[in-house]
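If you want the building blocks of each chain, they are given just below.
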Amino acid sequence: MLDPATLETVLERAGVGELPTLPVVAAKLLNLTRSERTAVGDLVKVVETDPVISAKVLRIVNSAAYALPQRIGSLHQAVMLLGFSAMQALALEVVIFEGLVKGGRRSRFDRVFFWQHCLAVASLAGGLAEACGHPHPEEVYVAGLLHDLGKLILDARGRIRYREVVDGRGQSEIPMVEEERQLVGLGHDDLGGHFCAQWGLPERVGLAVKWHHRRFAGLRLAAHDALLVAAVSLANYLAWIQGVGSVRLRRHPILQPEVEEIIDLERLDLRALLARMDRDVQGVAAFYGLQFPAPEQFREHLLWANIRLGRVSSRYYFLKEDAREQLSACLRLRQSLTRPHHSLEAGEIVASTLEAVRQDFGFDRVCLLRVDPDSRSLVVVDARDSRGQAGGLVGIGIGLPADAGGFLECLRRKEPAIISGRTGHEATVLAQMRVAALGLVPFGIGTPSAAVIGVDHAVSRRPLDMEALRSLAIVAHELGVALENARRFEELKTRANLDGLTGVANRAALGEALAVACRGGRDLRPFSIAMLDVDHFKRFNDRFGHQAGDRVLELVASALKSGSRPSDLVGRYGGEEFLVLLAGADTAEAVGCAERLRAEIEELGRLLARRFTGHALTVSIGVATTIPGEEEPANLVERADRALYMAKAAGRNRVVCAQAGGSAAALMAG
């Protein structure tokens, strides 16, 4: 259960009574149908409490979707013919559609499109439950129907409406539920699970709603309860792949590993499940006048799903193949040709390895070619010849068009290759490198250190030996490991310079960058800094707790990073203060950058104001400009800090610029 304070920051009106009639009718239906002592009349009485629902239930029962042999004139007849479970699900669908879904078609969060997803997941979940022998498939159906209930609640009552969460977030790689947690403060899964408990719905249903996106093996659920959660998770996954998602975003769904441990996917009759989904959903859709995605959209979604899944499978396959090839090469290699790398500097590692390879294998020239995915090419970044020089190779770029022949084969198969000029592209490259044949040995493919060692006999004109290249694969592997270690070492150094909470530069890193910018006199370009302070930040902590304050700092840091120029450095100076280093910016440019950042955070604050009631998120900014070499870092920071103080004294949410020659400041109101 969520605490009231958390709910208050997420919802405008958090009370159960403020939400539609779902708890009144649906909870009673669920409880009655689970009891062996419930009579037909008991169920009818509950449905009859809402005349609108009663009328719509009868209309649906008499529609073509159910194809009953005779017209049904009373709820009592409907229950007798359909059974408790079907009646329960039918009434529940009407309650949710009428109370929460209807009227949301024009929103950026299309509730009708969302409703199609819920019906599809419910049908698939019910079918999975029956196929796997769950004792209460009707409960699994209901859990599927309600699994995304939190999205509707957010869109109806959220301080930040779900339509605003969806807007502009189609390209992110992280799951949507994680974006919800960042922006709203809660995911729809937690919110939906909370209200299921509040409404007195079966605990198993609430579990499925809360855990359908997350790992649940650690809960140690009973077998039937674990199957219920797994069925809803898998149904949601299948619906998304089929193009029936809850929002119109192309997001690849994620399936928890334990689902495959509980449900044997290979034994499922997917064709029957999808046929059932089409039949169930199209029947309800026809009644309500809904329209599902066209076949072209289904094919597009299926193609994208297969592409993404194929990428994962390919990486796994080639990792296994790479390990096999390395083992084979080890068996063929009679003695170690590798030299230990004592350095963690990538340049030193490459230089020593290339020279060792040239000497030990007797090649005339050895070079390192980096894979450049942006230009789809191989680029020579270092080389050694018999004189220890680059031999005119560095900087040569080798494109990878469709007729690249051995170059593409080498990278795709992750195997050594000899380029001999069998295609026009190969012949052009050999002529450019002034060699009759070129040997290639790939390494680190699939990692940021992906590269190729190139070797030739440009002087002696001797033929290249494939066995020598296979032996060289061991050296290439060692080089790949060394370069990957060097890259990770650089990452660790970078992390040491990052603030643990916000991910921007920490104070130590800011100090070093400032010192470099203010040090030397060779570069006389202007340099500016902007010091920001979150206005009334203590009120966020006092009113909503320190975790909420942390979320505010994370969001501010994210806004600063996205709103800054690539050449700028954003860092956390301390507490709620941030510093932005504006390289090459004169006073006018710095003020313009600062004003843009202030406006973006103010706009973010308008969105978050519904989450943090009465506490608008804004920042005050002090700007200072200097010429590198003319001022100490401490003086520059002091002037920016003084300007920041003036901005806060003048009413906050504004930019104040300290003049280079003194303490006078130009004021810009926010």
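Let us now look at the pairing of strand S10 (residues 619-626). Burial analysis of S10 places 8 of its 8 residues in the buried class, which makes it a mostly covered element. With burial as the criterion, each face of S10 is covered, one bearing Val619, Ile621, Val623 and Thr625 and the other bearing Ser620, Gly622, Ala624 and Thr626. Summarising the sheet, strand S7 (residues 527-534) and S10 pair through 8 bridges and their orientation is antiparallel. Considered in S10, the bridge of Met531 is made with Gly622. Sheet analysis places S10 next to strand S11 (residues 654-658), joined by 4 bridges and oriented parallel. Residue Val623 lies in a different strand from S11, and its bridge partner there is Cys657.

With that settled, consider the pairing of strand S6 (residues 451-456). Counting buried positions along S6 gives 6 out of 6 residues, so the element sits mostly inside the fold. Both faces of S6 are covered, namely the face carrying Ala451, Ile453 and Val455 and the face carrying Val452, Gly454 and Asp456. Pairing analysis gives 6 bridges linking strand S1 (residues 365-372) to S6, with the strands arranged antiparallel. Within the sheet, the bridge partner assigned to Arg365 lies in S6 and is Asp456.

Turning next to the side chain of Thr502. Structurally, Thr502 can be placed in the loop between helix H21 (466-496) and helix H22 (507-518). Overall, Thr502 belongs to the buried group, its relative accessible area being 9%. Within the structure, the side chain of Thr502 is placed 2.7 Å from the side chain of Asp499, a separation counted as a polar contact. With residues up to four places along the chain from it excluded, the contact list for Thr502 reads Leu553, Glu554, Ala557, Lys561, Arg572 and Phe578.

A few words now on the pattern of salt bridges. Following the criterion strictly, the structure yields 28 salt bridges and no others. Here Arg365 makes a salt bridge to Asp456, at a shortest N to O gap of 3.0 Å. Of this pair, Arg365 sits in strand S1 while Asp456 is found in strand S6, placing the two residues 91 residues apart along the sequence. Judged by relative accessible area, Asp456 falls into the buried class, the value being 2%. In this structure, Asp382 and Arg384 form a salt bridge, with 2.8 Å as the shortest nitrogen-oxygen distance. Among the ionic contacts, a cluster of salt bridges with common partners joins Glu178, Arg181, Asp189, Asp190 and Arg214.

Turning our attention to the sheet that holds S1. Backbone hydrogen bonds hold the strands of a sheet together, and the pairing may be parallel or antiparallel. One open sheet accounts for 6 strands, arranged S3-S2-S1-S6-S5-S4; its pairing is antiparallel. The two strands at the open ends of the sheet, each matched to only one other strand, are strand S3 (397-399) and strand S4 (417-419). Between one strand and the next, the sheet's axes are offset by a mean angle of 30°, whatever the strand orientation. Pairing geometry for strand S2 (residues 377-384) and S3, over 3 bridges, is antiparallel. Bridging from a neighbouring strand, Ser377 pairs with Gly399 of S3. Against the sheet, helix H18 (residues 346-361) contacts S1 and S2, and its axis sits at roughly 75° relative to S2.

Here we come to the nonpolar core. Counting residues in hydrophobic clusters, the biggest one holds 103 residues, and the most contacted among them are Leu234 and Leu617. Looking at which element gives the most residues to this core, the answer is helix H14 (residues 223-241), with 14 residues. Setting aside chain neighbours within four positions, we find Leu617 in contact with Val534, Phe540, Val552, Val556, Ile601, Glu602, Leu604, Gly605 and Leu608. Counting 24 residues, the second largest nonpolar core, distinct from the first, contains Leu400, Leu408, Leu411 and Ala458.

So, about the confidence of the model for the protein chain. In this model, the protein chain carries a mean pLDDT of 78, and residues with pLDDT of at least 70 account for 73%. Counting interchain partners and residues more than four positions distant, the pLDDT-below-50 stretch residues 325-342 has 23 contacts. Segment residues 662-670: pLDDT under 50, and 27 contacts once partners within four positions in sequence are set aside and those in other chains are kept.

Let us look at the environment of Lys414. Structurally, the position occupied by Lys414 is in the loop between helix H19 (406-413) and S4. Spatially, the C-alpha atoms of Lys414 and Pro442 are 5.9 Å apart, while their sequence positions differ by 28 residues.

Okay, unusual backbone geometry next. Positive phi values are uncommon outside glycine, yet Arg434 reaches one of about 55°. Along the chain, the position of Arg434 falls in the loop between helix H20 (424-433) and strand S5 (438-443). Residue Arg434 is classed as exposed on the basis of its relative accessible area of 70%.

So, on to a negative patch on the surface. Judged by side-chain charge, Glu260, Glu261, Asp264 and Glu266 come together as a negatively charged surface patch. Along the polypeptide, Glu260 turns up in helix H15 (residues 257-262).

Below, the discussion takes up the packing of helix H12 (residues 188-198) against helix H13 (residues 203-211). When two helices pack together, their arrangement is given by the angle between the helix axes and by the axis-to-axis distance. With their axes 7 Å apart at the nearest point, H12 and H13 run at an angle of 170° to one another. In terms of their interaxial angle, H12 and H13 are classed as roughly antiparallel. Counted together, Asp189, Asp190, Gly192, Gly193 and Cys196 of H12 and Gly206, Val209 and Lys210 of H13 form the full contact between these two elements. For the contact of H12 with H13, the class distribution of residues is 2 nonpolar, 3 polar and 3 charged.

This next bit is on helix H8 (residues 137-146). Most of H8 is tucked away, with 9 of its 10 residues classed as buried. Every buried residue belonging to H8 is among Glu138, Glu139, Val140, Tyr141, Val142, Ala143, Gly144, Leu145 and Leu146, and all of these are buried.

Cut-offs and rules
Residues numbered from 1 in each chain as written. Predicted model: local features only at pLDDT ≥ 70, side-chain atom pairs only at ≥ 80, totals over all residues. Heavy atoms only, no water. Buried < 20%, exposed > 50% of the residue type's maximum accessible area, 1.4 Å probe, protein only. Helix = DSSP H or I, 4+ residues; strand = E, 2+ residues; numbered from the N terminus. Pairing = 2+ DSSP bridges. Polar contact = N/O pair within 3.5 Å; in protein donor to acceptor, adjacent residues only side chain to side chain. Contact = heavy atoms within 4.5 Å. Salt bridge = Lys/Arg side-chain N within 4 Å of Asp/Glu carboxyl O. Axes fitted to C-alpha atoms, helices over the stretch in contact; angles between N-to-C directions. Core = buried A, V, L, I, M, F, W, Y, C linked by side-chain atoms within 4.5 Å. pLDDT = per-residue confidence, 0-100. Patch = residues over 30% accessible without salt bridge, like charges linked within 9 Å, V, L, I, M, F, W, Y side chains within 5 Å. Areas by Shrake-Rupley, 256 points an atom, 1.4 Å probe, with all protein chains shown as cover. Lys, Arg positive; Asp, Glu negative; His and termini not counted. Charge placed at Lys NZ, Arg CZ, Asp CG, Glu CD. Parallel < 35°, antiparallel > 145°, perpendicular 65-115°, else oblique. Nonpolar A, V, L, I, M, F, W, Y, C, P; charged D, E, K, R; others polar.

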